[in-house]
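Report on the structure
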Amino acid sequence: MDRETELRLLDECVANARGRPPAGDDAERLVPVAEYTDAARFGRERDVLFRASLNLVAHQSELASAGAFLTRELVGTPVLLTRGEDARARAFLNVCRHRGATVELRERGQCSRLVCPYHAWTYRLDGTLASARHRHGFPSLDVERTRLVELPCAEAAGFLWVCPTPRAGDDEADPLGDASTRALLDELTAFGITSCVVFAVERRVWRANWKLIVDGGLESYHFRVAHRETVGGYFKDTGSTFERLGDHFRLVLPRVDIEALASAPRERWSIREASHVLYSVFPNASVLVQERHFDVITVTPLTPDQTLIEVSTLVPDPGAQGFSERARGFWAANHEFTKKTLHEDWTLAEQIQRGLDAGANAHFRFATFEGALSQWHDRVDARLAAATP
Ligand code: FES
Ligand SMILES: [Fe+2]
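Focus on helix α3 (residues 179-190)
Taking 1.5 Å per residue, twelve residues should reach 16 Å; α3 reaches 16 Å between its end C-alpha atoms and fits that length. Restricting attention to buried positions, one finds in α3 the residues Thr181, Leu184, Leu185, Glu187 and Leu188. Down the axis of α3, the smallest arc covering the buried residues is 155°, so these residues share one side. Opposite the buried face of α3, at more than 90 degrees from it, the exposed residues are Ala179 and Ala190. A positive backbone phi angle near 90° is found at Gly192, which sits one or two residues after α3.

If you want it as structure tokens, here you go:
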């Protein structure tokens, strides 16, 4: 984030804390609860929003050196990521070209060749077929041209992004190349996220629609109540400020003592000290910028009422000497606290999901001061509408 933007956002937070009505107030919005339960709607969201987009799938430090590989299940698609001898990251369907077995079953590792566990067809890290056992039995097989099916893959702002649908035709346009996405990636890069490493990850399925999970991250109205045991006392529950960056959002959640900034010299103002900055990254991720580290949350919709959520704590790279005992304890405590806070949100989301079918509400209600919620839903609706033939 550039300094001008940082100061402008902090000015807005201070003004809000002093009671200024938020500029450009949104209208109150009613959202039909059917949008969280309807199977047809869910299928369209998964296909249009997730399967046709680059999703944030991993941090570069998880695929750091030549020969590294990772596997993921991305909205129902088995994905294999490799770092080739040429240092390039590539993504493939993790499906053998012989008879479709999963080529790599391990979650991560290091290798020079990928060997299918069924009949041992062997692939290079660039996806090309290196050998097929008893090759003479496949006279029509063109070994030179047989390769794992490649998926669109990009590296930007320290992350690996993959679209789970093979590129149709030869469309080489960079889906991370639009101006809003570039601005967001530049902000994340400037915060130093590229030089971090993943300290810990939690992966867990929650019984709630994926939009309930996103909704909980786009408003601070619930902070003082739902997070009273954790972060509720640290942040203001109104006074946050947000901006839409294309289909992405940046929210700034000021700490309770934000007004004290006004009496401090402006050159000492730091958005990381005075607030949490949360990026909602379309379609599947949220990046929380904390004072010294980051938390990355990715959602994978599984069914209308089930979502796989990954919470990764990213911390500054300790280098070759690794983490000291003290640092390890400190970051582990941070990771636990973040999970505890987020679990408060997702436990509520599960309770909401259970109540949806009871029919108490035809609509949910988003307040005038919850513009990020309303505008995010507008973007989802617009994307779905644009994809309707
Ligand atoms: S399915 Fe992979 S080698 Fe046969
Ligand atoms: Fe929350």
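Observations regarding the coordination of the iron ion (ligand 2)
Surrounding the iron ion (ligand 2) are the protein donor atoms His222 (NE2), His227 (NE2), Asp345 (OD) and Asp345 (OD), which sit 2.1 to 2.5 Å from the metal. For the iron ion (ligand 2), the four donor atoms are set out with angles of 56 to 148° between them, so the coordination reads as irregular. Along the chain, the residues donating to the iron ion (ligand 2) are arranged with the sequence spacing H-x4-H-x117-D. On the criterion of sequence distance, the pair formed by His227 in the loop between α5 (223-226) and β14 (241-245) and Asp345 in helix α7 (residues 325-356) is long-range, its members being 118 residues apart.

Comments concerning the sheet that holds β14
Strand pairing within a sheet occurs via backbone hydrogen bonds; the two strands may be parallel or antiparallel. One open sheet holds the seven strands; their spatial order is β13-β19-β18-β17-β16-β15-β14, and the pairing between them is antiparallel. Every interior strand has two partners, whereas the edge strands, β13 (196-206) and β14, have only one. Looking at each pair of strands side by side, their axes are set apart by 15° on average, direction ignored. Inspection of the sheet shows strand β16 (residues 275-281) paired to strand β17 (residues 285-289) by five bridges, in the antiparallel sense. Bridge pairing in β17 places Val277 opposite Val289. Against the sheet, α7 engages β13, β18 (294-303) and β19 (306-316), with an angle of about 25° to β13.

What to know about the nonpolar core
Grouped together as the largest cluster of nonpolar side chains are 49 residues, with contacts concentrated most on Leu49, Leu81, Val162, Trp210, Ile309 and Trp346. Here this core gets five residues from one element, more than from any other, and that element is helix α8 (residues 371-386). Counting contributing residues, this core receives three or more from each of domain 1 (3-52 + 179-386) and domain 2 (55-162). With residues near it in sequence (within four places) discarded, Val162 still touches Ser53, Leu54, Asn55, Val57, Leu74, Val79, Leu81, Ala91, Leu151, Pro152 and Cys153. Formed by 38 residues, the second largest nonpolar core is a distinct cluster that contains Ala17, Leu56, Leu184 and Ile258.

As for the pairing of β14
Judged from the five bridges that link them, β14 and strand β15 (residues 248-254) form a sheet pairing that is antiparallel. Residue pairing for β15: Leu245 is matched across the bridge by His248. Where β14 folds back on β15, the antiparallel hairpin that results is connected by two residues, among which Gly246 adopts a positive phi of roughly 65°.

Observations concerning the confidence of the model for the protein
Averaged over all residues, the pLDDT of the protein equals 92, while 96% of them reach at least 70. Helix α6 (residues 271-274) is the least confidently modelled element of the protein, averaging 86 in pLDDT, while strand β8 (residues 122-124) averages 98, the highest of any element.

So, the domain arrangement of the protein
The figure often quoted for interface size is the accessible area lost as the parts come together. The assigned domain composition of the protein is domain 1 (3-52 + 179-386) and domain 2 (55-162). The centre of domain 1, based on its C-alpha atoms, is set 32 Å off from the matching centre of domain 2. Between domain 1 and domain 2, the residue contacts involve 22 residues of the former and 15 residues of the latter. Buried surface at the junction of domain 1 and domain 2, summed over both partners, amounts to about 1500 Å²; 63% is from carbon and sulfur atoms.

Conventions adopted
- Residues numbered from 1 in each chain as written.
- Chains lettered and ligands numbered in written order.
- Predicted model: local features only at pLDDT ≥ 70, side-chain atom pairs only at ≥ 80, totals over all residues.
- Heavy atoms only, no water.
- Helix = DSSP H or I, 4+ residues; strand = E, 2+ residues; numbered from the N terminus.
- Expected span 1.5 Å × (residues − 1).
- Buried < 20%, exposed > 50% of the residue type's maximum accessible area, 1.4 Å probe, protein only.
- Arc of directions from axis to C-beta.
- Donors = N, O, S within 2.8 Å, 3.2 Å for Na, K, Ca; no water.
- Tetrahedral: all angles 85-135°; square planar, octahedral: opposite > 155°, others 65-115°.
- Pairing = 2+ DSSP bridges.
- Axes fitted to C-alpha atoms, helices over the stretch in contact; angles between N-to-C directions.
- Contact = heavy atoms within 4.5 Å.
- Core = buried A, V, L, I, M, F, W, Y, C linked by side-chain atoms within 4.5 Å.
- Domains from an automatic or database assignment.
- pLDDT = per-residue confidence, 0-100.
- Buried area = accessible area lost by both parts, 1.4 Å probe.

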